[in-house]
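Here is how the chains run, residue by residue.
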Amino acid sequence: MTDVITIENLVKDYGRVRALDGLNLSIAPGEVHGLLGPNGAGKTTTIRILLGLLRPTSGTVRLFGEDPAAEAVALHRRLAYVPGDVELWPNLTGGEAIDVFTRLRGGADRSLVESLAERFDLDLRKKGRTYSKGNRQKVALVAALASEVDLLVLDEPTAGLDPLMEAVFQECISEAKAAGTSVLLSSHILAQVEVLADRVSIVRAGQTIETGTLAELRHLTRTSVTVTTEQPADALADLPGVHGLAVEDGQTRFEVDGEHVPIVLQHLAPLGVRSIVAHPPTLEQLLLRHYGTGDGVPSASAPRPAGRARPAEPARPGHTSGATSRSGR
Amino acid sequence: MSAVVGARPTSPQASNGRPSGPFTGTGKLLRFMVRRDRIRLPAWVIGIGIFVPYFFTAFETLFPSEAELAELSAFTSGPMIGLLGGPGYGLGEGLSYVTFFTALYVVYFMLAAALMNILLVSRHTRVEEQTGRAELIRANVVGRYAALTATLIMAVISNAAVTLLVLGGLLAFDAPTSGSLLVAVGVGAFGMVFAAVAFVCAQVSEYSRVGSALAGAVLGGTYVLRAAGDMSSEHGNLLSWLTPYAWSQQTRAFVDERWWPLGISAVVSIALIVLAYRLSDRRDLGAGLRASRRGRASAAPWVTNPIALALRLHRGGIRGWVFGLVVAGLVYGSTTGPFVDSFADMTGTMGEMFTTGPDPVLGYLNTLMVMMVIAVAVYALLAVMRVRAEELDGRAEPVLATAVSKQAWLAGHVLVTALASIVLLVLACAAMGLTAASSTGDWSLVGELTVAGLVGAPAVLVIVGLACALYGLSPRLLPIATVVVTFSGLAAFFGELLELPEALLAISPWHYTPAVPGEAITAAPLLVQTLVALVLAAVGLLAFRRRDLVAT
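Quick caveat, the model's predicted, so the values are computed rather than measured.

Asker: Just checking my understanding: could you explain the nonpolar core for this structure?
Answerer: Soluble, globular proteins show a tendency: their nonpolar side chains are buried together. Counting residues in each nonpolar core, the largest one holds 234 residues, and the members touching the most others are I5, F120 and L152 of chain A together with F101, Y332 and W409 of chain B. Setting aside residues up to four positions removed in sequence, F120 of chain A forms contacts with K138, L141, V142, L145, M165, V168, F169 and C172 of chain A. Formed by twelve residues, the second largest nonpolar core is a distinct cluster that contains V227, A233, V256 and L268 of chain A.

Below you can see the structure in the form of structure tokens.
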């Protein structure tokens with residue numbers, strides 16, 4: 001079966017500025033694919049090229065196996081798009097805007113629109129100019145989810161939604177996925193991607209620097225371990241792949257590279273383990289590794305020159321929450 | 001909270017001993033506003049003032065002697081001056097550069113001053129509330145009248161600055177002092193009246209655009225009334241006196257000067273400002289006097305394709321223009337009868353003004369028809385600018401992500417604009433024909449003017465096509481269309497006076513339109529205009545298809 005989206009070596013120049021620099025992306029039918037990257041990484045540009053709104057400078061782009069610029073109209077019948085910054089007509093109500101979008105796409109079940117509006121707690125009778133950012137986002141989401149399409153293209157779709165609505169959104173996407181709809185989900189909300197995405201591509205400076213399932217990506221990073229042992233576990237610090245080991249209140253905390261986990265476990269067992277907690281890396285940690293470094297090469301991870309002696313763990317939540325709140329804006 | 005009970009201060013003194021009334025914080029807000037507008041307002045004031053020396057320098061170049069000026073003024077007197085200038089004092093005996101300037105050009109300074117005030121008031125009152133910034137400000141130690149009062153002071157300062165600059169400009173060109181004062185204060189007073197109008201309008205709706213559109217409608221509507229008054233009787237009549245224009249123009253500066261009309265401006269301004277303060281007390285911060293209505297939950301069944309969507313989006317604007325131009329048409333048409341009466345008294349030179357037709361009435365109506373063509377061209381231009389705003393504000397993107405091609409999207413908007421232009425022009429001209437016929441008793445004018453509207457339409461379509469082509473190539477090129485419309489508009493009225501070379505006049509699309517009513521209608525220019533319009537539109541559609549959507 002042909003992939004829903006195939007992008008190979010995509011380059012896009014705006015004058016002298018290179019927005020995309022050899023980006024690759026592929027999405028299989030029925031897959032929910034998370035597109036992650038910092039602002040300006042090229043996520044929105046990629047989506048606009050996929051929609052045929054921008055023309056690529058070079059590279060191959062195929063949507064359902066076709067050229068998105070040449071076959072825009074036919075292809076757009078099969079997809080629905082939610083922009084990151086939804087702008088509505090000030091004098092049209094949300095309900096009118098939803099009808100405009102769904103009808104121009106080929107029509108939608110009106111009762112579905114109403115039930116979605118109810119789930120998202122959206123007042124369809126308000127004029128576009130009176131909606132808050134979150135409500136404008138809901139209008140676009142309802143219009144997209146009400147259409148029967150093969151592909152949903154969502155560009156940071158829940159920016160401005162409150163956590164309750166975020167949960168409704170996740171439900172809706174899960175339902176769409178169950179119905180076999182493919183989803184391209186560009187997002188900053190990592191928890192959302194972790195819950196929804198089958199595969200993830202991390203984009204940075206116009207290039208795909210990592211792609212794969214979450215499990216595959218986690219191989220590339222470290223597991224955080226907290227153990228309480230009967231005998232001191234300081235010696236673990238000398239093992240290859242162990243980082244930032246610290247002892248506090250009888251607990252030993254350290255991080256270990258994915259491929260060295262088995263050896264560390266072998267060394268732990270004789271020390272008399274009373275309790276052990278191991279966290280898989282969150283996507284935030286994955287992203288921090290890529291955003292925090294200049295080249296995105298895995299070996300250059302963890303730019304913590306002073307962090308070797310002290311545990312790095314306490315510093316992390318701070319960084320992490322910083323990244324999350326930025327994405328929430 | 002409960003501690004406050006019983007400790008209510010008897011004088012408006014806050015607990016820290018500093019005064020706190022409804023005006024508290026006005027000074028600080030004023031300084032803040034001055035800082036925010038430190039570039040914009042001086043630009044407006046200087047932009048208005050600089051045209052005084054500009055016009056005088058231009059006059060001296062164009063008409064080296066006052067004899068040549070006298071020839072010109074014979075050309076632009078009577079209804080023409082009423083339409084374009086004002087009551088037309090000082091164009092007869094004692095004509096000079098100064099009186100010519102006052103009769104024909106000062107009205108544009110007044111319009112500019114009014115626009116400056118409308119935008120200033122809207123910017124500092126309603127826009128602030130709408131964006132929620134006023135809430136931040138009011139949460140501090142700021143009285144409920146502080147923002148209004150600070151804006152009022154800003155308006156007074158700005159109008160005083162305009163007055164001083166205009167005065168300085170006139171004095172620099174050796175205009176008599178008392179007349180110069182009258183003209184300059186007249187411009188400032190007119191600005192102040194519209195500041196007051198804008199204050200009231202800003203209270204009515206919670207949307208700044210509605211408020212400034214209302215104030216703009218007052219500016220335009222009173223212009224039409226004034227023109228009707230000034231056109232139908234020499235030096236205006238009651239209609240003119242109903243408008244703020246007269247209160248500044250009827251001071252008869254440099255002729256038989258009188259100050260008292262300016263008093264009306266002062267009284268009206270003060271009354272409106274008091275009204276605005278009262279209204280502001282009757283509503284909550286951020287709210288309008290009229291609650292915003294909820295609309296329909298689903299779109300009308302006919303909105304199913306790009307053309308219908310374009311029509312839905314342009315509908316409000318088209319309705320407003322139909323109303324405005326039909327009213328203007330009715331008013332202007334009704335001046336035909338008085339024109340016929342006054343024509344009997346006109347000298348031979350005056351008759352030359354209407355060289356286009358054997359019948360002076362038809363020539364007069366042709367002048368009015370050309371005005372309508374230009375007004376509709378302005379509509380067309382603004383409509384295409386709205387299309388551009390759809391793209392630049394990001395509303396085009398989600399539509400283009402549906403099964404609507406880029407060409408279909410643009411074609412829908414352009415088609416609606418083109419059809420609306422034709423309908424507007426025909427309706428406006430028909431309305432003009434109706435009152436022209438009733439005021440002269442010649443009922444064939446209704447048909448002739450309706451046909452004239454149709455004959456004028458291809459010229460407007462050229463503007464639609466041009467705007468489409470420029471926009472299709474790049475949104476940044478659209479201002480070129482504005483330049484073409486402005487130039488062609490001026491060329492239609494002043495081109496022959498200024499002896500512009502044929503090559504320049506050829507730019508104007510309505511230069512080729514048969515002078516109807518009056519002249520025989522020839523098909524060739526109309527076909528060529530239509531063809532040019534179609535080619536330009538096609539260029540625009542093809543170019544738009546090929547170019548990237550401008551991302552926000």
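Asker: Which parts of the structure should I look at to understand the interface of chain A and chain B?
Answerer: Accessible area lost when the parts come together is the quantity often used to give the size of an interface. The interface of chain A with chain B comprises 35 residues on the first partner and 39 residues on the second. Together chain A and chain B conceal approximately 3400 Å² of surface at their shared face, both sides included; 56% is due to carbon and sulfur atoms. Linking chain A with chain B are four salt bridges, by the criterion used here. The interface formed by chain A and chain B holds 21 residue pairs in polar contact (both at pLDDT 80 or more) in total. Secondary-structure elements contributing two or more residues to the side of chain A that touches chain B are α2 (72-76), β5 (79-82) and α3 (94-105) of chain A. Residue contributions to the side of chain A that touches chain B peak at eight residues, all from α3 of chain A. Of the residues assigned to the side of chain A that touches chain B, the class counts are 15 nonpolar, six polar and 14 charged.

Asker: Teacher, can you tell me more about the packing of α3 of chain A against helix α5 (residues 133-146) of chain A here?
Answerer: Each packed pair of helices is defined by two parameters, the angle between the axes and the distance between the axes. Residues and elements named next belong to chain A. Contact pair α3 / α5: the axes reach a minimum separation of 9 Å and the direction vectors enclose 35°. Where α3 crosses over α5, the two elements pack in a sense that is right-handed. Between α3 and α5, the residues in contact are G94, A97, I98, F101, T102 and R105 and V139, V142, A143 and A144, respectively. A breakdown of the residues in the contact of α3 with α5 according to their chemical character gives seven nonpolar, two polar and one charged.

Asker: I would appreciate a short explanation of the pattern of salt bridges in the present structure.
Answerer: Side chains that differ in charge, positive against negative, can pair when their charged atoms come close. For the structure shown, the criterion picks out 27 salt bridges over all chains. Between D13 of chain A and R18 of chain A there is a salt bridge, with the nearest N and O atoms lying 2.8 Å from each other. For D13 of chain A, a relative accessible area of 23% gives the class partly exposed. Salt-bridge contacts for E129 of chain B lead to R283 of chain B; the nearest nitrogen and oxygen are separated by 2.9 Å. Here the residue E129 of chain B occupies a position in helix α8 (residues 126-131), and R283 of chain B occupies one in the loop between α15 (260-281) and α16 (306-333), the gap between them amounting to 154 residues. Like R283 of chain B, E129 of chain B is buried. Residues joined in a network through salt bridges with shared partners are D99, R103, R110 and E114 of chain A.

Asker: I'm lost on unusual backbone geometry in this one. Help?
Answerer: Note on backbone geometry: most residues besides glycine have negative phi, and most peptide bonds are trans. Between V516 of chain B and P517 of chain B the backbone carries a cis peptide bond, its omega angle lying at -10°. Relative to the helices and strands, P517 of chain B resides in the loop between α24 (502-505) and α25 (523-546). Residue N9 of chain A is not a glycine yet carries a positive backbone phi of 50°. Examined against the element boundaries, N9 of chain A turns out to sit in strand β1 (residues 5-14). With a phi close to 50°, R252 of chain B is a non-glycine residue in the positive phi region. Residue position: R252 of chain B is located in the loop between α14 (244-249) and α15.

Asker: For this particular structure, what's the right way to read the sheet that holds strand β13 (residues 273-279) of chain A?
Answerer: Hydrogen bonding along the main chain pairs the strands of a sheet, whether they run parallel or antiparallel. Residues and elements named next belong to chain A. On the basis of which strands lie adjacent, the open sheet formed by four strands has the order β11-β12-β10-β13 and antiparallel pairing. Edge positions in the sheet fall to β11 (242-248) and β13, since each has one partner strand and no second. The average angle at which neighbouring strand axes cross in this sheet is 15°, direction not considered. Taken together, the six bridges between strand β10 (residues 222-229) and β13 define a ladder with antiparallel strand orientation. Opposite T228, over in β13, you have S275 as the bridge partner.

Asker: Where do I start with the side chain of H314 of chain B in this structure?
Answerer: Residues and elements named next belong to chain B. One can find H314 in helix α16. Exposure remark for H314: the relative accessible area of 5% places this residue in the buried category. Each residue touching H314, except ones within four places of it in the same chain, is listed here: A383, V387, H413, V416 and T417.

Asker: Would you mind going over the sheet that holds strand β9 (residues 207-213) of chain A with me for this structure?
Answerer: Residues and elements named next belong to chain A. In space, the six strands of this open sheet follow the order β5-β6-β7-β3-β8-β9, with mixed pairing throughout. One side of each edge strand has no neighbouring strand; the edge strands of this open sheet are β5 and β9. On average, each strand axis in the sheet is inclined to that of its neighbour by 15°, with strand direction left out of account. Across six bridges, strand β8 (residues 199-204) lies against β9 in antiparallel orientation.

Asker: Help me out: how do you make sense of the confidence of the model for chain B in this one?
Answerer: Per-chain confidence: chain B averages 87 in pLDDT, with 91% of residues scoring 70 or above. Segment residues 347-352 of chain B is flagged for pLDDT under 50; beyond a separation of four residues in sequence, or across chains, it makes five contacts in the model.

Asker: Would you explain helix α22 (residues 444-473) of chain B in this entry?
Answerer: Every α-helical turn comprises 3.6 residues, leaving residues that sit three or four positions apart pointing alike. Residues and elements named next belong to chain B. If you check α22, its first and last C-alpha atoms are 45 Å apart, about what 30 residues at 1.5 Å a residue would give, namely 44 Å. A457 marks the point of greatest bend in α22, at about 30°, and the proline P458 comes within the next four residues. Counted residue by residue, α22 has 22 buried out of 30 residues, so it is predominantly covered.

Asker: I keep staring at the packing of aromatic side chains and nothing clicks. Help me out?
Answerer: Aromatic ring pairs are reported here in terms of the distance separating the ring centres and the angle at which the planes meet. Residues and elements named next belong to chain B. The final tally for this structure, using the stated rule, is 25 aromatic pairs over all chains. Here F56 and F101 contribute two aromatic rings whose centre-to-centre distance is 4.9 Å and whose plane-to-plane angle is 40°, an arrangement assigned as tilted. One end of the pair, F56, is in helix α3 (residues 51-62); the other, F101, is in helix α6 (residues 97-104), and 45 residues separate them in sequence. Centre to centre, the rings of W321 and Y379 are 5.6 Å apart; their planes meet at 65°, and the pair counts as edge-to-face. Highlighted residues: W321 in helix α16 and Y379 in helix α19 (residues 360-392), separated in sequence by 58 residues. W321 sits in the partly exposed class, given a relative accessible area of 25%. R226 extends its terminal NZ or CZ atom over the ring of Y223, reaching a point 4.5 Å from the ring centre. In this structure, K406 packs its charged tip against the face of F544, placed 5.7 Å from the ring centre.

Asker: Before we go on, may I ask you to explain the side chain of R136 of chain A in this structure?
Answerer: Residues and elements named next belong to chain A. Secondary-structure assignment places R136 in helix α5. E87 is the oppositely charged side chain nearest to the buried, salt-bridge-free R136, at an N-O distance of 4.4 Å. Other than its neighbours up to four places away in sequence, R136 contacts V86, E87, L88 and Y131.

Conventions we followed
The residue count restarts for each chain, going from 1 along the sequence in the order it is written. Lettering for chains starts from A, numbering for ligands starts from 1, and both go in the order in which the items are written. Under the rules for a predicted model, residues below a pLDDT of 70 receive no local features and side-chain atom pairs below 80 are neither given nor counted, while totals for whole chains, interfaces and linings still include all residues. With hydrogens and water set aside, each side-chain value is computed from the structure's full complement of heavy atoms. Definition of nonpolar core: a set of buried residues of the types Ala, Val, Leu, Ile, Met, Phe, Trp, Tyr and Cys, connected through side-chain atoms within 4.5 Å. Only protein chains enter the calculation, and the probe is 1.4 Å; a residue is then buried if its accessible area is under 20% of its type maximum, exposed if over 50%, and partly exposed in between. By definition in these notes, contact holds between two residues if any of their heavy atoms fall within 4.5 Å. Buried surface area refers to the total accessible area, computed with a probe of radius 1.4 Å, that the two partners give up upon joining, counted for both partners together. For salt bridges, the criterion is a side-chain nitrogen of Lys or Arg within 4 Å of an Asp or Glu carboxyl oxygen. Counted as a polar contact is a pair of N or O atoms within 3.5 Å, where, for protein atoms, one must be capable of donating a hydrogen and the other of accepting one, and residues adjacent in sequence contribute only when both atoms are in side chains. Working definition: helices are DSSP H or I runs of at least four residues, strands are E runs of at least two. Numbering for both runs from the N terminus. Side-chain classes follow a simple rule in which Ala, Val, Leu, Ile, Met, Phe, Trp, Tyr, Cys and Pro form the nonpolar group, Asp, Glu, Lys and Arg form the charged group, and the remainder, Gly included, forms the polar group. Axis angles are defined between N-to-C directions and span 0 to 180 degrees, where every axis is a line fitted to C-alpha atoms and, for a helix, only to the segment in contact. Crossings are sorted by hand: turned counterclockwise from the far helix by less than a right angle, the near helix makes the crossing left-handed, and turned clockwise it makes it right-handed. Here the rule is simple: two strands pair whenever DSSP picks up at least two bridges between them. The score called pLDDT rates the predictor's confidence residue by residue, from a low of 0 to a high of 100. A helix is expected to span 1.5 Å for every residue after the first. The seven residues ending at a residue and the seven starting there each receive a fitted axis; the angle between those axes is the bend at that residue. Only rings of Phe, Tyr and Trp enter the pairing, Trp through its six-membered ring, and a pair is recorded when the two centres are within 6.5 Å. The plane angle decides the type: under 30 degrees is stacked, over 60 is edge-to-face, the rest tilted. For a Lys NZ or an Arg CZ to count as sitting over a ring, it must be within 6 Å of the ring centre and within 35 degrees of the ring normal. Under this rule, positive means Lys or Arg and negative means Asp or Glu; His and the chain ends count for nothing.

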